[in-house]
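Residues per chain, in single letters:
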Amino acid sequence: EAEVAQSPRYKITEKSQAVAFWCDPISGHATLYWYRQILGQGPELLVQFQDESVVDDSQLPKDRFSAERLKGVDSTLKIQPAELGDSAMYLCASTPTPVGVYAEAFFGQGTRLTVV
Amino acid sequence: DAKTTQPPSMDCAEGRAANLPCNHSTISGNEYVYWYRQIHSQGPQYIIHGLKNNETNEMASLIITEDRKSSTLILPHATLRDTAVYYCIVRSYGQNFVFGPGTRLSVLP
């Protein structure tokens, strides 16, 4: 069964350092999402891509966060510099839109970031 | 903001049906209802989705009221492995999936 792959699974970094997360969506999935989930809360969208284009990054803290999906396949989310409040689970998801207009999103296992 | 309201927590006895309610009184005609669950430290797992007809798959059943203002996710024979946070999401085409705090279901032995 196809899966959304994320790496690393866990990351510990010191504040003010740079950190990056990688996501490989299910093959052929045009839409890719990055979510952040703080402990005890539901996931919150950071950025949404349609192929290589950003569709929605209104909730992305652009002073320190950046995201790219250069060839419309895999994606990287970067934080520089990391702050203590960035400690969270970072989740990647994909959907096969535009084929399957109301198709479900498939989530990866996430990257658990701890900033110390 | 999430367009749904769910109870924060529920308990269910193992082997019994778990009925998880969701209120979405402001749902519009082109919005689907999706259910996901999240087991501790894992990514959300898709369960089921529907527009207005009841839906059933190998995991669960989704019952949507005729006015579509609420729905119920039914796990017919809950097991300990069904202990998780369950999220009800209302979404239309092209939108992202907006998660609320969900319902923490505890299946008790």
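Rules and cut-offs
- Residues numbered from 1 in each chain as written.
- Chains lettered and ligands numbered in written order.
- Predicted model: local features only at pLDDT ≥ 70, side-chain atom pairs only at ≥ 80, totals over all residues.
- Heavy atoms only, no water.
- Pairing = 2+ DSSP bridges.
- Helix = DSSP H or I, 4+ residues; strand = E, 2+ residues; numbered from the N terminus.
- Axes fitted to C-alpha atoms, helices over the stretch in contact; angles between N-to-C directions.
- Buried < 20%, exposed > 50% of the residue type's maximum accessible area, 1.4 Å probe, protein only.
- Polar contact = N/O pair within 3.5 Å; in protein donor to acceptor, adjacent residues only side chain to side chain.
- Contact = heavy atoms within 4.5 Å.
- Disulfide = S-S within 2.5 Å.

What am I meant to see in the sheet that holds strand β7 (residues 70–75) of chain B here?
Sheet strands pair via backbone hydrogen bonds, and the direction of the pair is either parallel or antiparallel. Residue and element names in this part refer to chain B. The strand order across the open sheet built from 4 strands is β2-β7-β6-β5, with neighbouring strands paired in antiparallel fashion. Either end of the sheet is taken by a strand with one partner, and the two such strands are β2 (18–23) and β5 (55–56). Across 6 bridges, the pairing between β2 and β7 is antiparallel. Residue pairing for β7: Cys22 is matched across the bridge by Ser71.

How should the sheet that holds strand β8 (residues 84–91) of chain B be read in this particular structure?
Residues and elements named next belong to chain B. Strand order in this open sheet of 5 strands is β1-β9-β8-β3-β4, and the pairing throughout is mixed. Every interior strand has two partners, whereas the edge strands, β1 (9–13) and β4 (45–50), have only one. Pairwise comparison of adjacent strand axes, ignoring direction, gives a mean angle of 25° for this sheet.

Is there a simple way to think about the side chain of Thr31 of chain A in this case?
Residue and element names in this part refer to chain A. For Thr31, the position within the fold is in strand β4 (residues 31–37). Note on Thr31: relative accessible area 2%, which makes it buried. There is a polar contact of 2.7 Å between the side chain of Thr31 and the side chain of Gln50. Residues contacting Thr31, with those up to four places away along its chain left out, are Gln48, Phe49, Gln50, Arg69, Ala93, Ser94, Thr95 and Thr97.

Got a minute to help me understand the state of the cysteines in this structure?
What is meant by a disulfide is a covalent connection between two cysteines, made through their sulfur atoms. Residue and element names in this part refer to chain A. According to the stated counting rule, one finds 2 disulfides over all chains in the structure shown. For Cys23, the disulfide goes to Cys92, at an S-S distance of 1.9 Å. Here the S-S torsion is close to -70°, and the disulfide linking Cys23 with Cys92 is therefore left-handed. One end of the pair, Cys23, is in strand β3 (residues 19–24); the other, Cys92, is in strand β9 (residues 88–95), and 69 residues separate them in sequence. Here Cys23 matches Cys92 in class, with each residue buried.

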